[in-house]
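# Summary of the model geometry
Letter by letter, the chains look like this.
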Amino acid sequence: MRRLNIVQIAAHACIRVTKQALPLANLGHNLHIIANRIPSYAELYKTTVVCGDQSQFTEAIKIYADKADIFHCHNEPSWFVTAVKEISSKPVVLDVHDSFLARLTPEEEHNRLENGADRRIRVNTEERNNFQLADALVFPSESFGKIITDEYKIGVPTLTLPSYLPEHLYVYNTKEHWGGLVYEGRVDLKSEIEKDSRMYGFIYCDYEELANKCKSIGMDLHLYSGRKDEAFKKVYGDIAYCHEPYVYDKLLNKISRHDWGLIGNVTHTSEWNVALPNKLFEYIAACVPIVVMNASESAKIIEKYGIGIIVKDIDELAQRWSEHRICRNNLIKLRKEFVMENHIGKLEELYKGLLG
């Protein structure tokens, strides 16, 4: 495939953006990024534009309108598709990292409204308009993508590309053994969720009940949430080990110290049923076997490859704790199945189809 000028647009420039960009750059494509902060591994991009507001994003898009072969937008937010379509006729891919459609079911929203909720949050026009406007959509999991394509009647090409890691980020020099259960990722406070109706969809990120359960049975829980604010420490400081934020490559080394990596939560949520999160593949890269709890999409990979266990609750994990050794042996043998370089060709094929 010829070398392309690919312009990435991503407000947060999160690690999923980088996971795709690194192998694309290694294949010879010219990567540019428009974001509201400097991305990880910024040196791989030919140019980086940092924007502070909406008008700066639209002005930046004008700069690349003629140079770009393709725009690859990453949500949330999703409105970048609209901004590009106003300015350029080049193909636009929208990588749908997240959606309110996945955060609660139609039944949950109906019940909330019946019980006095002040607003709908599941279906919103910012997502609908841009999902339907894009020339192609990319999803991190198949079941997550199906929710979106079914709801919004998507007729353009789609691709499922999980958040695999590039091979050179895989950890070999693992660190001193700390043991315990590690959870790497977003954690929200119950008080934050309750004070804003839009936050209801993030109940899957409330780990207070799980942390208390771990504390009660003497299981060490290590949280790498990226948070260090006092409100967070007040809730979790006495029931979990709350680690400082780390840059990405150091984070992978840090999580290698633990016995199990957690996917899911103690309660059932619609988000965890469809998610294949970044952390799943980061645990794999760090040689940490995975324990899945109430997370059916991730459970499919665990069942297929035997790189972890599926449990119903924390008590079952405690009973099966010693299985981490067998699971780790399987994980290390099979983990190269999950490097992004083995799958990035599917994204190149998507680009090729759009360019004709």
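This write-up is about the structure you can find in this document. (Residues numbered from 1 in each chain as written. Predicted model: local features only at pLDDT ≥ 70, side-chain atom pairs only at ≥ 80, totals over all residues. Heavy atoms only, no water.)

### Some words on the side chain of Arg227
For clarity, the threshold we go by: Per the convention used, a helix needs a DSSP run of H or I reaching at least four residues, while a strand needs a run of E reaching at least two, with both numbered from the N terminus. Buried means the residue's accessible area, taken with a 1.4 Å probe over protein chains only, is under 20% of the maximum for its type, while exposed means over 50%, and partly exposed covers the values in between. We define a polar contact as two N or O atoms separated by no more than 3.5 Å, with the added condition that, inside protein, one atom must be a possible hydrogen donor and the other a possible acceptor, whereas residues neighbouring each other in sequence contribute only through side-chain atom pairs. In what follows, a contact means two residues having at least one pair of non-hydrogen atoms within 4.5 Å.
Of note, Arg227 is situated in the loop between strand E9 (221-224) and helix H9 (230-236). The class for Arg227 is buried, based on a relative accessible area of 16%. Here Glu192 takes part through its side chain, which lies 2.8 Å from a polar atom of the side chain of Arg227. When residues no more than four places from it in sequence are discounted, the contact partners of Arg227 are Val187, Asp188, Leu189, Glu192, Phe232, His243 and Pro245.

### Digging into the sheet that holds strand E13 (residues 308-310)
Note the cut-off: DSSP bridges decide pairing: two strands pair if at least two such bridges lie between them. A fitted line through C-alpha atoms represents every axis, and for helices the fit uses only the stretch in contact; the resulting angles, taken between N-to-C directions, go from 0 to 180 degrees.
If you walk across this open sheet you meet the six strands as E10-E9-E8-E11-E12-E13, and the pairing is parallel. In this open sheet, the two strands that pair with only one neighbour each are strand E10 (241-242) and E13. Bridge count between strand E11 (residues 260-264) and strand E12 (residues 290-293): four bridges; the pairing is parallel. Bridging across to E12, Ile263 finds its partner in Val292. On the sheet, helix H8 (residues 208-217) packs against strand E8 (181-184), E9, E11 and E12 and is oriented at approximately 150° with respect to E9.

### A closer look at helix H12 (residues 278-285)
Most of H12 is tucked away, with seven of its eight residues classed as buried. For H12, the complete set of buried residues consists of Lys279, Leu280, Phe281, Glu282, Tyr283, Ile284 and Ala285. Once H12 finishes, Cys287 follows within two positions and takes phi at roughly 65°, a positive value.

### Notes on the pattern of salt bridges
Short version of the rule: Salt bridges are identified by distance alone: a Lys or Arg side-chain nitrogen within 4 Å of an Asp or Glu carboxyl oxygen.
Inspection of every chain in the model, using the stated rule, returns 19 salt bridges. The partner of Lys62 in a salt bridge is Glu59, and the shortest N-O contact between them spans 3.0 Å. Residue Lys62 and its partner Glu59 are located together in helix H2 (residues 54-64), separated by three residues, close to a single helical turn. Overall, the relative accessible area of 47% leaves Lys62 in the partly exposed class. With a closest N to O distance of 2.8 Å, Asp135 and Lys85 form a salt bridge. Here the residue Asp135 occupies a position in the loop between helix H5 (125-133) and strand E6 (136-139), and Lys85 occupies one in helix H3 (residues 80-87), the gap between them amounting to 50 residues.

### Notes on the sheet that holds E6
Paired through backbone hydrogen bonds, the strands of a sheet run either parallel or antiparallel to each other. Strand order in the open sheet formed by seven strands is E3-E2-E1-E4-E5-E6-E7, with parallel pairing between adjacent strands. Of all the strands in the sheet, the pair left with one neighbour each is strand E3 (47-50) and strand E7 (158-160). If you compare each strand with its neighbour and ignore which way they point, the axes differ by 20° on average. Examined bridge by bridge, strand E4 (residues 70-74) and strand E5 (residues 92-95) share four bridges and lie parallel to one another. Across the sheet, the residue bridging to Phe71 is Val92, located in E5.

### Examining the nonpolar core
The condition that has to hold: For this analysis, a nonpolar core means a set of buried residues of the types Ala, Val, Leu, Ile, Met, Phe, Trp, Tyr and Cys, connected via side-chain atoms within 4.5 Å.
Grouped together as the largest cluster of nonpolar side chains are 89 residues, with contacts concentrated most on Leu181, Tyr236, Phe281, Ile290, Leu317 and Leu347. Once you skip the residues sitting within four places of it in the chain, Ile290 turns out to touch Trp260, Gly261, Ile263, Leu280, Tyr283, Ile284, Ile302, Ile307, Gly308 and Ile309. Core analysis: the next-biggest nonpolar cluster, separate from the first, contains 30 residues, Cys73, Val96, Ala102 and Leu137 among them.

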